[in-house]
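# Remarks on the overall topology
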Amino acid sequence: MNQAADILDLAAQAIQQNIDAVLATVVRTEGSAYRQPGAKMLICADGRSVGMISGGCLEPHIIKRAFWLTRHGASVQIYQTGDDIEYHKNGDSDLSIVEDDNSSIKDADMSEDSLLEGELNFGLGCNGRVHVLFERLATAIPLLDLIRQVRNTQQPVTIATLIRSDSAKIKGMGMQVGSRIYLDTYLKTGSLTDLYLNRNTISDSNTFIDDMLLNTIQKLSNHKFHKKNAEYIKLTSDLELQPTGDRQHESEWLLQRICPQTRLLICGAGNDVIPLVTMAKLQDWHVTVIDSRPQYATRLRFSQADSVLCLALDDSETLLNLSAGAAVAVMSHSLAQDRARLAVLLEHSAQYRYLGQLGPRYRTERLIKEISETSANPHILADGIRKLHYPIGYKLGGDGPEALALSIMAQMSAVIHGHAPQTSLPNSQYTIQTSEQSVFNNYKNDYAHD
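Presented here is a report on the structure given in the accompanying data block. All of these numbers come straight from a predicted model, not from anything done at the bench.

Interhelical geometry of helix α11 (residues 335-347) versus helix α12 (residues 361-374) gives an angle of 60 degrees and a closest axis separation of 10 Å. Classified by the angle between their axes, α11 and α12 sit oblique to one another. Classified by chirality, the crossing of α12 by α11 is right-handed. Contacts between α11 and α12 pair Leu335, Asp338, Arg339, Leu342, Ala343 and Leu346 from the former with Arg363, Arg366, Leu367, Glu370 and Ile371 from the latter. Grouping the constituent residues of the contact of α11 with α12 by class yields six nonpolar, no polar and five charged.

Laid out in structure tokens, this is it:
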């Protein structure tokens, strides 16, 4: 959820200042698209806006029309990014509308209503379609509150947003475009809870309608996410009976797994950590900086970090708690500190998603040797050593703390998202190398510190 923090902050300001706003969310993409389902943008009535749902191509149009598009409630609009379009001398463009029969119409004097009946073509040459849900802030508040809850509790949740339905019964229950169902409640308790519809509306419905809704929710709940945490789902249900006979009901949903921020733990508080914190926060990561030296671990030095702690070297319990599910960078420029942190982390490889050690290869191998010699059970270190990336980061070129930070973020992101190369190669005596380090030696970072 890039830019999520900015959207949450602006939404809170708008509510406090009693300013209306519109939340735009990408709910489906076809073909090439700059942003993926789940991307959001918030547009305030006073002209402020944050977030992006495209590469900047759709935003000017959306900012102008967001409030008009939601004058009757939430709506879904389709934007084409196909062939180029012509621009007049005054800067206006010929927007084409593609109707259901795929015919193309161009009319410089089109009314707003006619534009809504089809798909706006922005002529970007990407040959894709972007489906965008528009809703007023008042109806989006429960969703934003849920996102804020996930960020605070670090517990993911699953929700389904209704994009389209041809069922009069579904609509009769009050579930309109933009309605959201909190699937975790159903998975845990078997009850149905919508984020902002009155739960009594569902409870008071007759059994026939409940069965149809349950059928839909069961299908949504059983869906397995692949690599993405937001997916467009089209469902068909045969539970709806019409006077003329049986009829299948179709509904379209955006299924989202709202996940906590990626967490970064940096063991060390030297000057080269500052740009790493900055880059991680640009990715909306949750960043914690620890160091045993109080003169280094100060809020003044790391104002952008979420947490800065002066942590004693023997406080293994706190170190493990902070590393749980996180990407960990060990970079204190101190042999004593790195040895202490690494000794704990190597023994608990299941705790973290990534572990990297700054410094030349021989320095890290020296640390591993010393840790192995003093360990009561050296074999317990094997999994941690396999998971350890050293020297930390990819060799991307450049020099200085900023280049180092970029190389570290690139490697962490690749590993976390499953894009790091995988191959098997022999191991050395003390280092059980990952395939990525061995095969792609040219891409390693050989910053020779300490």
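Counted under the stated rule, the structure contains 16 salt bridges. Between arginine 136 and aspartate 20 there is a salt bridge, and its shortest N-O distance comes to 2.7 Å. Separated by 116 residues along the polypeptide, arginine 136 in strand β8 (residues 128-136) and aspartate 20 in the loop between α1 (4-16) and β1 (21-31) bring together distant segments of the chain. Arginine 136 gets classed as partly exposed once you look at its relative accessible area, which sits at 23%. Residue classification places aspartate 20 among the partly exposed positions, given a relative accessible area of 31%. Of the charged contacts, one joins arginine 293 and aspartate 291 as a salt bridge, the two residues approaching to 2.8 Å between their closest N and O atoms. By relative accessible area, aspartate 291 is classed as buried at 0%. Connected via shared salt-bridge partners are Arg164, Lys234, Glu250 and Glu252.

Read from one edge of the open sheet, six strands run β17-β16-β15-β18-β19-β20, paired in parallel fashion. The open sheet has two edge strands, β17 (307-310) and β20 (388-389), and neither has a second partner. Sheet topology note: the strand β16 (residues 286-291)/β17 ladder contains four bridges and is parallel. Counted as the bridge partner of isoleucine 290 is leucine 309 from β17. The sheet contacts of helix α10 (residues 316-323) involve β15 (263-267), β16, β17 and β18 (327-330), and relative to β15 the element is tilted by about 145 degrees. Those strands touched by helix α14 (residues 401-416) are β15, β18, β19 (354-357) and β20, and its axis lies near 150 degrees from that of β18.

Quick look at the pairing of β18 now. Across the two faces of β18 the burial is the same, with Ala327 and Ala329 and Val328 and Val330 all buried. Relative to β18, β15 runs parallel, the two sharing four bridges. Note on β18: the bridge partner recorded for leucine 265 is valine 328. Handedness of the crossover is the feature at issue here: the chain leaves β18, passes through α11, returns alongside β19, and the resulting connection is right-handed.

Thresholds, definitions, all that
Residues numbered from 1 in each chain as written. Predicted model: local features only at pLDDT ≥ 70, side-chain atom pairs only at ≥ 80, totals over all residues. Heavy atoms only, no water. Axes fitted to C-alpha atoms, helices over the stretch in contact; angles between N-to-C directions. Helix = DSSP H or I, 4+ residues; strand = E, 2+ residues; numbered from the N terminus. Parallel < 35°, antiparallel > 145°, perpendicular 65-115°, else oblique. Left-handed = near helix turned anticlockwise from the far one by under 90°. Contact = heavy atoms within 4.5 Å. Nonpolar A, V, L, I, M, F, W, Y, C, P; charged D, E, K, R; others polar. Salt bridge = Lys/Arg side-chain N within 4 Å of Asp/Glu carboxyl O. Buried < 20%, exposed > 50% of the residue type's maximum accessible area, 1.4 Å probe, protein only. Pairing = 2+ DSSP bridges. Right-handed = clockwise from strand over helix to strand, strands pointing away.

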